[in-house]
Amino acid sequence: MRVAKMKTMLVKRQIRNFPINVTELVDGIFIGCSFNHMVTDGTSLWHFMAAWSEIFRSGGQSVSRPPVFKRWVLDGYDPIINLPYNHQDQFIERFENQTFKERFFSFSTTAISKLKATANSECNTQNISSLQAVIALLWRCITRARCLPHDCEIICSLMFSTRARLNPPLSDDYFGNPVHIVGGKATVGDLLAHGLGWAAF
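Computed from a predicted model, the values in this text were never measured in an experiment.

## As for a nonpolar patch on the surface
Alright, step 1. Among the surface-exposed residues, I81, L83, Y85, F91 and I92 lie close enough to one another that they form a single nonpolar patch of about 500 Å² accessible area.
Alright, step 2. For I81, the location among the structural elements is in the loop between α1 (42-57) and α2 (109-123).

Given below as structure tokens:
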């Protein structure tokens, strides 16, 4: 696409951790935004973007899939949660700027199949998925590269959506962040001494 003129406007206002970046082209605009994961998940983000686009195309009319803001309490849980804190400094941890390094890795279908087969054969099972095998490889490689003491305990954490896992399942129109964190824990020595299958299983 040939663009004769491009102008970028950064919207500096931040509303509830919701920064917006608008790039104006000669024949249109790009709108980029991000959410804090404490507020929403990816499904809610795309729902918001689709609703915003629909409002624009319809000239401000109501959207076909309005977001659901109702909050539920799971059976057996009290809706009031008492936190054992006296001051916000006891539970709010401020982020300290750090220097991060970013790397992109590409795995072919064949390579992933081999990783999965290796992990399953090491544990004499067929229950280890492709995702588990790849994550186990990354966990072990990153741990080895960090050169941590062998008695240091490390954790590999992942988030997954609970929308479809609740009974009854949450609607895709639910606006929020229904995710759960799962993780594996091991010492550096154990993780590096055992094979790929041990880390994946």
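## Quick word on unusual backbone geometry
Alright, step 1. The peptide bond linking N167 to P168 adopts the cis configuration, its omega dihedral lying at 0°.
Alright, step 2. Along the chain, the position of P168 falls in the loop between β4 (153-161) and β5 (179-187).
Alright, step 3. For C147, which is not glycine, the phi torsion reads 55° and is therefore positive.

## Regarding the packing of aromatic side chains
Alright, step 1. Counted according to the given criterion, the structure contains two aromatic pairs.
Alright, step 2. Taken together, a centroid distance of 5.5 Å and an interplanar angle of 40° make the contact between F48 and W52 tilted. Highlighted residues: F48 and W52, both in helix α1, separated by four residues, approximately one helical turn.

## Some thoughts on the side chain of T143
Alright, step 1. Tracing the backbone shows T143 in helix α3 (residues 130-146).
Alright, step 2. A relative accessible area of 3% means that T143 is categorised as buried.
Alright, step 3. Once you skip the residues sitting within four places of it in the chain, T143 turns out to touch L148, I154, V188 and L191.

Thresholds, definitions, all that
- Residues numbered from 1 in each chain as written.
- Predicted model: local features only at pLDDT ≥ 70, side-chain atom pairs only at ≥ 80, totals over all residues.
- Heavy atoms only, no water.
- Patch = residues over 30% accessible without salt bridge, like charges linked within 9 Å, V, L, I, M, F, W, Y side chains within 5 Å.
- Areas by Shrake-Rupley, 256 points an atom, 1.4 Å probe, with all protein chains shown as cover.
- Salt bridge = Lys/Arg side-chain N within 4 Å of Asp/Glu carboxyl O.
- Helix = DSSP H or I, 4+ residues; strand = E, 2+ residues; numbered from the N terminus.
- Phe/Tyr/Trp six-rings, centres within 6.5 Å; stacked < 30°, edge-to-face > 60°.
- Buried < 20%, exposed > 50% of the residue type's maximum accessible area, 1.4 Å probe, protein only.
- Contact = heavy atoms within 4.5 Å.

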